[in-house]
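One-letter residues, chain by chain:
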Amino acid sequence: MSLPLDRVFKRRKRKTFQSPWSWVCVAGRCERRAVRSSRTSLASCIALCGGNSRLLWPRPTGNVLLGEESVVVHLQQIEFVTVNTSDQETRNLLEHAKDVFIGNIRSSIKSPNAKSRPGVDAFVIYLSAGSGAATGPSLDVDESYTVDVLARGRVLEARVVGRSYFGARHGLETLGQMIWWDETSGREGGLRVLSRASVEDKPTFPYRGLLIDTGRQFFPVERLKRVIDGMAASKLNTFHWHISDSQSFPFDSAQFPEMARWGAYSGDQIYTPDDVKDLADYARIRGVRVLVEIDSPAHAGAGWQWGTEYGYGELALCVDQQPWSSYCGEPNCGQLNPINEHTYRILEGLYKELLELTGIRDVVHLGGDEVNLDCWAQYGNITAAMQAQNMTDHHAMWAEFETKMLHRLVKANRDETPKAVILWSSPLTKRPYITTYFDPKIHVIQSWGGSNWPETPDLLEDGFRVILSHVDTWYLDCGFGRWRETGEAACGEYRTWQTVYNHRPWRDYPQQHWGLVLGGEAAIWSEQTGDASLGPRLWPRASALAERLWSDTPTNGYSTDENVYTRLAAHMELLTSRGLKTEAMWPQWCSQNPGKCL
């Protein structure tokens, strides 16, 4: 009796062969050569070739010494010792960080049963996170760290020292990038680690963000965790969660369950309070704050329609009003009712709940962009309320909404004013309104206009702190064409990772204003970003942003250094090994032949 062909093929073992290719370091670059014996793998060549500016992403800002020798280690040989760390919560976080570190190293192992002979008897990692409490990550947390690796006889020692948990975590991330899988060690490969290294490092900017929009598309929590994994690997520290928009409200609030019942796409596509807390805890271990934004007063429709039925009046106006192009930027419309006190009460309750769940209280995002004044102008009761207060301009009504919202936020935040209350840039954050209605000691403006617009320099001149998200360079959703037939339905061309990387707008601002630039954030709005495409749309571009904001390495703005290409390509290999989906940077041949593609 003969077996079916498909069963014959399934039983056949995957064919392996001995590659003739080896890599040799020539003038700081790996070159491919055919050899008959003693091969050097590409991974080992990349790890050991290229001087002190190789391997690490983002590039450290302080002194770096990377030795050119390595040793084989086994995963079981890694031991951790926590020293000089008194705060118990910090010590608990470090235990989680150790597990993440081991998990990351395990993910790079391609032959779990490989028996290559180790070059040391033990690999001991000493961890120190200082004496402070593990708050945050807050805006003023010290994220600096040092890493020192040195062999002492048959024991390899690494010392990772941070002045906070978050600094120590970043140091562990850097140490992890000094460990790689060498397919030519022994018969089946093995882990290798640099046997000598010294790194001093701290970020250039305290705010290094990435915005994910779950209002226009729902992404499962596990997908959001993969985003945070990539952020942790690249030392981004702010997951800006644009959780809702006029199209949907997926947060299943314990206090206001009507919001998700009326506003979620389905009963399966919601984020429970446990989901939010789980994601915030997961992120904190990885050095990332979860900053949840409920955009208001605009971008608010779905989820707010239940007020009349419950005796609270209209919470939102213009919901799904047609023609939509007269009342909002994209369908469907929706804008909160500025004269209904229940609207403010519900927002206060939602923020109180979210602040408790995330534990991030010093930075809060209130949204505040793209208010359509024609929406409010239709309502006689709003006009009457304005006249009663001698308001002649709907901007004053908008400003009153923001003032009331700030008071509600302070109540929600245990009667403490956050150090940074972030608002999107808008007509209200331009002169003359900005200095009339907002306080530079409290408000931070996320400037999303074009990089050549006067918006950002004007804000800095008026003394306001800014977070930069220039649409023409750091909007990662652009470049995929129109998704509707009317109105402006596309935001221009695709922003390449080189465009993201080479954008250094602060260099054009007066130096005395640089201290007001808290950092930057890339945004990926999700009109045309689905579950499967989220990863490839983010990486490598979000990693390019990460190095710009951490290291701010010099660039002429037109061409990108070869070293950046090779380090970023190696970093994409790292992310791929950790289970992330990344976009290809170039033909695979270019990764195997550094310097020959540029």
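- Going by an unreviewed UniProt entry, the chain carries the name beta-N-acetylhexosaminidase and comes from Apis cerana cerana.

**Here's the deal with the domain arrangement of the chain**
Okay, so step 1: When the domains of the chain are assigned, the result is domain 1 (53-201) and domain 2 (207-560).
Okay, so step 2: On a C-alpha basis, the centres of domain 1 and domain 2 stand 36 Å from each other.
Okay, so step 3: Opposite the 27 residues of domain 1 that make contact, domain 2 presents 27 residues.
Okay, so step 4: Here Glu89 ties to Arg284 by a salt bridge, and the two come within 2.8 Å at their closest N and O atoms.
Okay, so step 5: Remark: the boundary between domain 1 and domain 2 carries 16 residue pairs in polar contact (both at pLDDT 80 or more).
Okay, so step 6: For the side of domain 1 that touches domain 2, the secondary-structure elements that each account for two or more residues are helix H3 (88-107) and helix H4 (165-176).
Okay, so step 7: Here the element with the most residues in the side of domain 1 that touches domain 2 is H4; it accounts for six residues.
Okay, so step 8: Split into classes, the residues belonging to the side of domain 1 that touches domain 2 amount to twelve nonpolar, eight polar and seven charged.

**A look at the nonpolar core**
Okay, so step 1: Within the largest apolar cluster, 112 residues are counted, with the highest numbers of intra-cluster contacts made by Ile212, Phe239, Trp241 and Trp304.
Okay, so step 2: By residue number, the principal contributor to this core is helix H11 (residues 394-412), which donates ten residues.
Okay, so step 3: Excluding residues that lie within four positions of it along the chain, Phe239 makes contacts with Leu210, Ile212, Leu224, Val227, Ile228, Met231, Leu279, Val288, Arg289, Val290 and Leu291.
Okay, so step 4: Counting 44 residues, the second-largest nonpolar core is a separate cluster that includes Ile102, Phe123, Ala129 and Leu191.

**Some details on the sheet that holds strand S17 (residues 363-367)**
Okay, so step 1: As summarised here, the arrangement of the eight strands in space is S12-S13-S14-S17-S18-S19-S20-S21, forming a closed barrel in which the pairing is parallel. With strand direction ignored, the average angle separating the axes of adjacent strands in the sheet is 30 degrees.
Okay, so step 2: Where strand S12 (residues 207-213) meets strand S13 (residues 238-242), five bridges bridge the pair, whose relative direction is parallel. The residue of S13 that forms the bridge with Ile212 is Trp241.
Okay, so step 3: Helix-sheet contacts for helix H5 (residues 221-234) involve S12 and S13, and the interaxial angle to S13 is about 150 degrees.

**Observations concerning empty space enclosed by the protein**
The probe, sized like a water molecule, is rolled over the atoms to show the empty space still left.
Okay, so step 1: In this structure the tally under the stated criterion is two cavities of 30 Å³ or more.
Okay, so step 2: Considered as a void within the structure, the largest cavity measures approximately 70 Å³ in volume.
Okay, so step 3: Breaking the lining of the largest cavity down by element, the ones donating at least two residues are strand S14 (289-296), helix H8 (341-358) and S17.
Okay, so step 4: A total of four residues in the lining of the largest cavity trace back to one element, the largest contributor, which is H8.

**Examining the pattern of salt bridges**
Opposite charge on two side chains lets them pair, provided their charged atoms get close.
Okay, so step 1: Counted under the stated rule, the structure contains 39 salt bridges.
Okay, so step 2: Here Glu330 makes a salt bridge to Arg216, at a shortest N to O gap of 2.6 Å. Placement of Glu330 in the loop between strand S15 (316-317) and strand S16 (335-336) and of Arg216 in the loop between S12 and H5 is noted, with a sequence separation of 114 residues between them.
Okay, so step 3: Bridged by salt links that share partners, the residues Glu222, Lys225, Arg226, Asp229, Asp278 and Arg286 form one connected network.

**A look at H4**
The α-helix winds at 3.6 residues per turn, so residues separated by three or four positions along the chain end up facing the same way.
Okay, so step 1: Between its first and last C-alpha, H4 extends 17 Å over twelve residues, near the 16 Å set by a 1.5 Å rise per residue.
Okay, so step 2: H4 sits mainly inside the fold: twelve of its twelve residues count as buried.
Okay, so step 3: Looking only at H4, the buried set comprises Tyr165, Phe166, Gly167, Ala168, Arg169, His170, Gly171, Leu172, Glu173, Thr174, Leu175 and Gly176.

**Details of the layout of surface pockets**
Okay, so step 1: One number sums up the size of the second largest pocket: a volume of about 980 Å³.
Okay, so step 2: Lining the second largest pocket are 47 residues; nearest its centre among them are Glu330, Glu370, Trp448, Tyr475 and Glu527.
Okay, so step 3: Split by residue class, the lining of the second largest pocket holds 18 nonpolar, 16 polar and 13 charged.

**A short note on the packing of aromatic side chains**
Okay, so step 1: Counted according to the given criterion, the structure contains 20 aromatic pairs.
Okay, so step 2: Aromatic pair Phe480 and Tyr494: ring centres 5.8 Å apart, planes at 80 degrees, arrangement edge-to-face. Taken together, the residues span a long stretch of sequence, with Phe480 in the loop between helix H14 (471-474) and helix H15 (497-502) and Tyr494 in the loop between H14 and H15 at a distance of 14 residues.
Okay, so step 3: Its relative accessible area of 32% is what places Phe480 among the partly exposed residues.
Okay, so step 4: Cluster of aromatic residues (ring-pair linked, three or more members): Trp57, Trp497, Tyr501, Tyr565 and Trp586.

**Quick word on the state of the cysteines**
Okay, so step 1: On inspection of all chains with the given rule, the structure shows six disulfides.
Okay, so step 2: Regarding the disulfides, the chain carries the connectivity 1-4, 2-3, 5-8, 6-7, 9-10, 11-12 under sequence-order numbering of its bonded cysteines.

**Here we look at the packing of H5 against helix H18 (residues 562-577)**
Okay, so step 1: Interaxial distance between H5 and H18 falls to 11 Å at its minimum, and their mutual angle equals 140 degrees. If you check the angle between H5 and H18, you find them oblique. The way H5 lies across H18 gives a crossing that is right-handed. Every residue of H18 that contacts H5 at Gly230, Ala233 and Ser234 is listed here: His571, Leu574 and Leu575.
Okay, so step 2: A class-by-class count of the residues in the contact of H5 with H18 yields three nonpolar, three polar and no charged.

**Overview of the pairing of strand S5 (residues 78-82)**
Okay, so step 1: Summarising the sheet, S5 and strand S6 (residues 122-128) pair through five bridges and their orientation is parallel. If you follow Val81 over to S6, its bridge partner there is Tyr126.
Okay, so step 2: Handedness of the crossover is the feature at issue here: the chain leaves S5, passes through H3, returns alongside S6, and the resulting connection is left-handed.

**Quick word on the pairing of strand S18 (residues 420-424)**
Okay, so step 1: In terms of burial, S18 is largely enclosed, as five of its five residues are buried.
Okay, so step 2: Burial along S18 is two-sided: Ala420, Ile422 and Trp424 facing one way and Val421 and Leu423 facing the other are all buried.
Okay, so step 3: As paired elements, S17 and S18 share three bridges and run parallel to each other. Bridge assignment links Val364 to a residue of S18, and that residue is Val421.
Okay, so step 4: Direction of pairing for S18 relative to strand S19 (residues 443-447): parallel, over a ladder of four bridges. Looking at the pairing, Ile422 lines up with Val444 of S19.

So, how was this worked out
- For every chain, the first residue of the written sequence is number 1, and numbering continues from 1 along that sequence.
- Residue-level local features of this predicted model are given only where pLDDT is at least 70; pairs of side-chain atoms are given and counted only at 80 or more, and the full residue set underlies all totals for whole chains, interfaces and linings.
- Side-chain figures throughout are based on the complete set of non-hydrogen atoms in the structure, without hydrogens or water.
- Segmentation into domains, and thus their bounds, comes from an automatic or database assignment.
- Note on contacts: a residue pair qualifies if any of its non-hydrogen atoms lie within 4.5 Å across the two residues.
- By definition, a salt bridge exists where a carboxyl oxygen of Asp or Glu is found within 4 Å of a side-chain nitrogen of Lys or Arg.
- In protein, a polar contact means a hydrogen-donor-capable atom and an acceptor-capable atom, both N or O and within 3.5 Å, with residues adjacent in sequence counting only if both atoms are side-chain atoms; elsewhere, any N or O pair within 3.5 Å suffices.
- The helix and strand labels rest on DSSP assignments: H or I over at least four residues marks a helix, E over at least two residues marks a strand, and numbering proceeds from the N terminus.
- Amino acids outside the nonpolar list (Ala, Val, Leu, Ile, Met, Phe, Trp, Tyr, Cys, Pro) and the charged list (Asp, Glu, Lys, Arg) are all regarded as polar, and Gly is one of them.
- Grouping buried Ala, Val, Leu, Ile, Met, Phe, Trp, Tyr and Cys residues that are joined through side-chain atoms within 4.5 Å yields what is termed a nonpolar core.
- Summary of the burial criterion: residues with accessible area below 20% of their type's maximum are buried, those above 50% are exposed, and those between are partly exposed, where the area comes from a 1.4 Å probe applied to protein chains only.
- By definition, two strands form a pair when at least two bridges between them are found by DSSP.
- To obtain each axis, a line is fitted to C-alpha atoms, and for helices this fit is confined to the stretch in contact; angles are then taken between N-to-C directions over 0 to 180 degrees.
- Grid spacing is 1 Å over the protein atoms alone, the probe is 1.4 Å, and a cavity is where that probe fits but cannot get out, while a pocket is an open set with protein on both sides within 12 Å along at least five of seven lines and lining residues have an atom within 4 Å of a point.
- Grid points are joined across faces, edges and corners, and a volume is the space filled by probe spheres set on the points.
- Helix span is expected to be 1.5 Å times the residue number reduced by one.
- Ring pairs are drawn from Phe, Tyr and Trp, using the six-membered ring of Trp, whenever the two centres fall within 6.5 Å, and their geometry is named by plane angle: stacked under 30 degrees, edge-to-face over 60, tilted for the rest.
- Any two cysteine sulfur atoms lying within 2.5 Å of each other are counted as a disulfide.
- Throughout, the term roughly parallel applies to angles under 35 degrees, roughly antiparallel to angles over 145, roughly perpendicular to angles from 65 to 115, and oblique to all others.
- Left-handed is the label given to a crossing in which the near helix is rotated counterclockwise from the far helix by less than a right angle, and right-handed is the label when the rotation is clockwise.
- Throughout, right-handed denotes a crossover for which the path from the first strand over the helix to the second runs clockwise when the strands point away from the viewer.

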